[in-house]
Amino acid sequence: MSAKIKIATTSLAGCFGCHMSFLDIDERITELAEVVEFDRSPLTDIEHCGPCDIGLIEGGVCNSENVHVLREFRKNCKTLVAVGACAINGGLPALRNFVSVEECLLEAYRDGIGIDNPQIPSDPELPLLLDKVHPIHEIVKVDYFMPGCPPSADVFWTFLSALIAGREPKLPYELVHYD
Amino acid sequence: MSGTLTIDGKTIPFAAGQSVIEAARCAGIYIPHLCHKPGYAPHGSCKLCTVFVNGRKTSACTYPAAADQNVVSDTPELQQDRLRLTQMLFVEGNHFCPSCEKSGNCQLQGVAYHLRMLDNHYPHFYPQRQVDASHPDILLDHNRCIFCNLCVRASRDHDGKNVFAIAGRGINKRLIVNSASGQLKDSDISIDDQATQVCPTGAILVKRTGYQVPIGERWYDRQPISELALGKEDSHER
Ligand code: SF4
Ligand code: SF4
Ligand code: FES
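Notes on the structure in this doc start here. (Residues numbered from 1 in each chain as written. Chains lettered and ligands numbered in written order. Predicted model: local features only at pLDDT ≥ 70, side-chain atom pairs only at ≥ 80, totals over all residues. Heavy atoms only, no water.)

## Details of the overall build of chain B
Test applied: Think of it this way: any DSSP run of H or I at least four residues long counts as a helix, any run of E at least two long counts as a strand, and we number them from the N terminus. For the radius of gyration, the atom set is restricted to C-alpha positions; the globular benchmark scales as 2.2 Å times the number of residues to the power 0.38. Under the scheme applied here, a residue whose accessible area is under 20% of the maximum for its type counts as buried, over 50% as exposed, and between as partly exposed, the area being computed with a 1.4 Å probe on protein chains only. A contact between two residues is defined here by any heavy atoms of the two lying within 4.5 Å. His is not counted, nor are the chain ends, whereas Lys and Arg count as positive and Asp and Glu as negative. We put the charge of a Lys on NZ, of an Arg on CZ, of an Asp on CG and of a Glu on CD.
Across its full length, chain B holds six helices and ten strands. Relative to a compact globule of 238 residues, whose C-alpha radius of gyration would be 18 Å, chain B shows 18 Å and is just as compact. Projecting the C-alpha coordinates of chain B onto the three principal axes gives extents of approximately 50 × 40 × 35 Å. A total of 238 residues make up chain B; the buried ones form 54% of that total. For chain B, the share of sequence-separated contacts (at least 6 apart) that also reach a separation of at least 24 residues comes to 62%. Across chain B, 25 positive and 24 negative side-chain charges occur, with their mean positions spaced 3 Å apart.

## What to know about the environment of V142 of chain A
Residues and elements named next belong to chain A. Looking at the element boundaries, V142 is found in the loop between β6 (129–134) and β7 (144–146). Once the C-alpha coordinates of V142 and I57 are considered, the two residues, 85 residues apart in sequence, prove to be 9.8 Å apart. Setting aside chain neighbours within four positions, we find V142 in contact with R74, L80, V81, A82, I136 and H137.

## Quick word on the sheet that holds strand β10 (residues 204–206) of chain B
All names here are of chain B. We count it as follows: Note on pairing: DSSP must find at least two bridges between two strands before they are called paired.
Taken together, three strands build an open sheet; the order of strands is β6-β7-β10 and the sheet is antiparallel. Here the strands that pair on one side only, and so sit at the sheet edges, are β6 (131–132) and β10. Note that strand β7 (residues 138–141) and β10 share three bridges and pair antiparallel. Residue I138 lies in a different strand from β10, and its bridge partner there is V206.

## Brief notes about the pairing of strand β2 (residues 10–14) of chain B
Residues and elements named next belong to chain B. The sheet contact formed by strand β1 (residues 3–7) and β2 spans five bridges and is antiparallel. Residue pairing in the sheet places T4 in a bridge with P13 of β2. Between the end of β1 and the start of β2, which pair antiparallel, lie two residues, with D8 showing a positive phi angle near 50 degrees.

## Points about the sheet that holds β7 of chain A
All names here are of chain A. Spelled out, the test is: Angular values range over 0 to 180 degrees, each being the angle between N-to-C directions of two axes fitted as lines to C-alpha atoms, with helices fitted over their stretch in contact.
Reading across the sheet, the five strands line up as β2-β1-β3-β5-β7 and stay open at both edges, with parallel pairing between neighbours. The sheet terminates laterally at β2 (36–38) and β7, the two strands that pair on one side only. Neighbour-to-neighbour, the strand axes of this sheet turn through a mean angle of 25 degrees, independent of strand direction. Taken strand by strand, helix α2 (residues 28–35) contacts β1 (5–11) and β2, and its axis lies near 95 degrees from that of β2. The strands touched by helix α6 (residues 153–164) within the sheet are β1, β2, β3 (52–58), β5 (77–83) and β7, with β7 carrying the most contacts at an inclination of about 160 degrees.

## Concerning the site of ligand 2
Here is the rule we go by: Put simply, a residue is near a molecule or strand once any heavy atom of it comes within 4 Å of that molecule or strand. Here the nonpolar group is Ala, Val, Leu, Ile, Met, Phe, Trp, Tyr, Cys and Pro; Asp, Glu, Lys and Arg are the charged ones; every other residue, Gly included, is treated as polar.
All residues adjacent to ligand 2 are C145, I146, F147, C148, N149, C151, L175, C199, P200, T201, A203 and I204 of chain B. A class-by-class count of the residues in the shell around ligand 2 yields ten nonpolar, two polar and no charged.

## Overview of helix α2 (residues 76–92) of chain B
All names here are of chain B. Short version of the rule: To estimate how far a helix should extend, the number of its residues minus one is multiplied by 1.5 Å.
Across its 17 residues, α2 extends 24 Å between first and last C-alpha, which sits within 8% of the 24 Å expected from 1.5 Å per residue. All of the buried residues along α2 are L78, Q79, R82, L83, T86, Q87, L89, F90 and V91. Looking at the buried side of α2, the elements it contacts are β3 (50–53), β4 (56–59), β5 (70–72) and α3 (107–114).

## Brief notes about the packing of α2 of chain A against α6 of chain A
Residue and element names in this part refer to chain A. Rule in force here: An angle below 35 degrees is read as roughly parallel, one above 145 as roughly antiparallel, one from 65 to 115 as roughly perpendicular, and any other as oblique. When the near helix sits turned anticlockwise from the far one by under a right angle, the crossing is termed left-handed; a clockwise turn instead gives a right-handed crossing.
For the pair α2 and α6, interaxial distance at closest approach is 12 Å and the crossing angle is 20 degrees. Considering their axes alone, α2 and α6 lie roughly parallel with respect to each other. Classified by chirality, the crossing of α6 by α2 is left-handed. In this structure, α2 contributes R28, E31, L32 and V35 to the contact, and α6 contributes A153, D154, W157 and I164. Tallied by class, the residues present in the contact of α2 with α6 amount to five nonpolar, no polar and three charged.

## A few points about the packing of aromatic side chains
Test applied: Whether two aromatic rings pair depends on their centres lying within 6.5 Å, for rings of Phe, Tyr and Trp, where Trp uses its six-membered ring; planes under 30 degrees apart make the pair stacked, over 60 edge-to-face, and the rest tilted.
One pass over the structure, following the stated rule, counts nine aromatic pairs over all chains. Judged by centre distance (6.1 Å) and plane angle (90 degrees), the ring pair of Y173 of chain A and Y113 of chain B falls under edge-to-face. With Y173 of chain A in the segment after α6 and Y113 of chain B in helix α3, this pair bridges two chains. Its relative accessible area of 1% is what places Y113 of chain B among the buried residues. Summarising the aromatic geometry, the rings of Y178 of chain A and F90 of chain B are spaced 6.0 Å apart at their centres and angled 90 degrees between planes, so their arrangement reads as edge-to-face. You can see Y178 of chain A sitting in the segment after α6 and its partner F90 of chain B sitting in helix α2, one on each of two chains. Given the relative accessible area of 5%, F90 of chain B is considered buried. Within the aromatic cluster, the residues linked to one another by ring pairs are Y173 and Y178 of chain A together with F90 and Y113 of chain B.

Rendered as structure tokens:
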């Protein structure tokens, strides 16, 4: 039996900056590795997460695959954490909520500047776009929120240290930023 | 009339004509607020400053201070109400702080930090709102307007111009510009007007002034609004 805490992480509609910020905890990652084990995460290349203690979700929900991944995380993670502005309020990807999906696709793949081979991607393997980008709390119940774009490494550290130790995570004033 | 009242059990003095929020501020007690500003006629619209006065809920910015009042402000219940009101302001507009020049100097954000707001709680409206970039010196981004009416009051009462007004009701309310085209460039606003300085959010910005102070070193990055808003309020409310 593994006594280690299991953590899964994923990026939905986000820029991956939150994961990079997580890695910015630098050498503290070895301390973390003593007590946690990573399930699905970019570090492990596991495709579907199994039962976990903590799930960290970066990014909002912009397509059908994001919905599936988010539901899978919710089902498997005892504690689900929305990480960063996109997961919390849609973030910059949600700026497309003010134009229609059609306009958005046309601009990106047909009419935009510098497009070589204009065509709307239509491979059946591609997940379908939702008409709007949603924050994750609109789809599943979220237990904790780590604001920031991205949350700083110290936010990750403070937050995870508390959760792992079984304490209620509390961020001091200096660590709460929305930008 | 002047005398003393108590707020959260502390006895403080008040001067004739002061509202509860002003008496509190002068005594070093912060009551969260967004539509109030010292020197401006009260508007009473954001309801963030709601307190109990002698057992009844009222807006501290519109309620006259009086002798022997018992004011209650800092309770978990009132702070929770303020948190929910602030979250509503975030979801009813479009607030993408990472892309906002005002970030760090924004009172909406400052109040949210004070209230320990970590999420927006409600489903987002993502309303369709316009940006009016027509004026050479001043930008008006309706996405960030919280209808505090401060620009309306500044233009009307301090600049003598009436450039702004709030039209409509409820979710259809909007800030309008008094010009034939409805655009800022055709109004008589000028860069020296108080109306360009007063907005608590990033809705009215003076162009070419953003990022003079780097993000991370701005007002609420360094000091909580509860401290900055006391006494020398104008130091953070440009
Ligand atoms: S106005 Fe304030 S709350 Fe709104 S986006 Fe700008 S910084 Fe954020
Ligand atoms: S533009 Fe700014 S000052 Fe004017 S009502 Fe909106 S938030 Fe208030
Ligand atoms: S500050 Fe009193 S209602 Fe807005």
